[in-house]
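Given next are the chains, with one letter for each unit.
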Amino acid sequence: METELHGFSYSVYTWIVRFALFEKGAEYSAVEVNPFSETGHPAHPFGKVPLLVHNGFRVYETSAITRFIDSAFSGPQLQPVDTQERARSDQIISVVDNYAYWPLVRRVSSQGYLNKALGSGVDQSELEAGLNAAPKVLSALNDLVSDQGLLKTGLLSLSDIHLGPMISYFQMAPEGAKLLQSYPQLFRWWNAISVQQGLEQSKPKLPRLG
Ligand SMILES: N[C@@H](CCC(=O)N[C@@H](CS)C(=O)NCC(=O)O)C(=O)O
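Residues numbered from 1 in each chain as written. Predicted model: local features only at pLDDT ≥ 70, side-chain atom pairs only at ≥ 80, totals over all residues. Heavy atoms only, no water.

The next point concerns unusual backbone geometry. Apart from glycine, the bulk of residues carry a negative phi angle, and the bulk of peptide bonds sit in the trans form. Following Val49, the chain continues into Pro50 via a peptide bond in cis, with omega recorded as 5 degrees. Phi angles above zero are rare outside glycine, and Asn55 is one such case at about 50 degrees. For Asn55, the location among the structural elements is in the loop between strand S3 (51–54) and strand S4 (57–60). The residue Glu61 is not glycine, and still its phi comes out positive at about 85 degrees. (Helix = DSSP H or I, 4+ residues; strand = E, 2+ residues; numbered from the N terminus.)

What follows is the structure, encoded as structure tokens:
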């Protein structure tokens, strides 16, 4: 069996896939491709990462990749069996992709953490826009996280794996870390996931802030 993960150093979505592969104990090789280059990833129709190649089968879109990993590899089952818990897990993944990624990661974390740490310019209006959009999504996630996965069963689900790297990036910005504390269930979940070995082991090498 041969598995290749095409990803990029700081990519939060690549981190999610590494986290899922880690939990399955899967062996794979990593291929670094910069999606922000002029062409982006040449084998991805939208130029993005991640992309997984498993025995010649290519799959892109992170939520499809992690579900594929869960089925294709042995190791712990990462999707709840209970239908309501499975629906909650799928719901969180969808909320993350559609409402959380852009404000929390591409705006708050990119400006409030990564650009600062890299010494690139910080776009204050982008940071503000992210911080203004964040409460609605944090509130929705606060209502959802305890219905399945780590908080309910003590076992990781794909939604924990999807949300973990996103919130990790978000709270690397001091503004994000402060805001997170206002959402008690989400903060409780963060305290539980942030000590998971898989999150740490799959984490990219990141620059320090200040
Ligand atoms: N819907 C895609 C999103 C992937 C994505 O946005 N990846 C980022 C890196 S974390 C990317 O490649 N960005 C390049 C760009 O937007 O041009 C997925 O679920 O995999």
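Every residue close to the ligand is listed here: Ser11, Val12, Tyr13, Pro35, Phe36, Lys48, Val49, Pro50, Glu61, Thr62, Tyr101 and Arg106. Interatomic distance of 2.7 Å between a side-chain N/O atom of Lys48 and an oxygen atom of the ligand. Within the side chain of Thr62, one N or O atom sits 2.8 Å away from an oxygen atom of the ligand. For the ligand, whose free accessible area comes to 510 Å², the fraction covered by protein is 84%. Listed by contribution, the elements that provide at least two residues to the shell around the ligand are helix H1 (12–24) and helix H3 (83–118). By residue class, the composition of the shell around the ligand is 7 nonpolar, 2 polar and 3 charged. (Near = heavy atom within 4 Å. Polar contact = N/O pair within 3.5 Å; in protein donor to acceptor, adjacent residues only side chain to side chain. Areas by Shrake-Rupley, 256 points an atom, 1.4 Å probe, with all protein chains shown as cover. Nonpolar A, V, L, I, M, F, W, Y, C, P; charged D, E, K, R; others polar.)

The subject of this paragraph is the domain arrangement of the protein. Per the domain assignment, the segments of the protein are domain 1 (3–72) and domain 2 (83–196). The C-alpha centroid of domain 2 is placed 21 Å from the C-alpha centroid of domain 1. Taken together, the contacts link 14 residues of domain 1 with 19 residues of domain 2. Carbon and sulfur atoms make up 76% of the area that domain 1 and domain 2 hide from each other, which totals about 1500 Å². Considering only the side of domain 1, the residues that lose the most area to domain 2 are Tyr10, Tyr13 and Phe19, jointly responsible for 35% of the buried surface there. Across the pair Asp90 and Arg67 runs a salt bridge, and its minimum N-O distance is 3.0 Å. Secondary structure elements with two or more residues in the side of domain 1 that touches domain 2: H1 and helix H2 (62–72). (Domains from an automatic or database assignment. Contact = heavy atoms within 4.5 Å. Buried area = accessible area lost by both parts, 1.4 Å probe. Salt bridge = Lys/Arg side-chain N within 4 Å of Asp/Glu carboxyl O.)

With that settled, the discussion passes to the pairing of S4. Sheet analysis places S3 next to S4, joined by 4 bridges and oriented antiparallel. Residue pairing for S4: Leu51 is matched across the bridge by Tyr60. (Pairing = 2+ DSSP bridges.)

Here the focus is the environment of Arg58. One can find Arg58 in strand S4. Looking at Arg58, the relative accessible area reads 49%, which means it is partly exposed. The sequence separation of Arg58 and Leu5 amounts to 53 residues, and the corresponding C-alpha distance is 9.9 Å. Not counting the four nearest positions on each side in its chain, Arg58 is found in contact with Ala43, Leu51, Leu52 and Val53. (Buried < 20%, exposed > 50% of the residue type's maximum accessible area, 1.4 Å probe, protein only.)

Core analysis: the largest hydrophobic core is formed by 55 residues, its most contacted members being Leu104, Leu138, Leu163, Leu186 and Trp189. Taken together, the elements giving at least two residues each to this core come down to H1, H2, H3, helix H4 (124–144), helix H5 (149–153), helix H6 (158–172), helix H7 (174–180) and helix H8 (184–193). Counting residues per element, this core draws most heavily on H3, which supplies 11 residues. (Core = buried A, V, L, I, M, F, W, Y, C linked by side-chain atoms within 4.5 Å.)

Before going further, it helps to examine the pairing of strand S2 (residues 29–32). The pairing of strand S1 (residues 3–7) with S2 spans 4 bridges and is classified as parallel. Following the sheet pairing, Glu4 is matched in S2 by Ser29. With H1 bridging S1 and the parallel S2, this β-α-β connection has right-handed handedness. (Right-handed = clockwise from strand over helix to strand, strands pointing away.)

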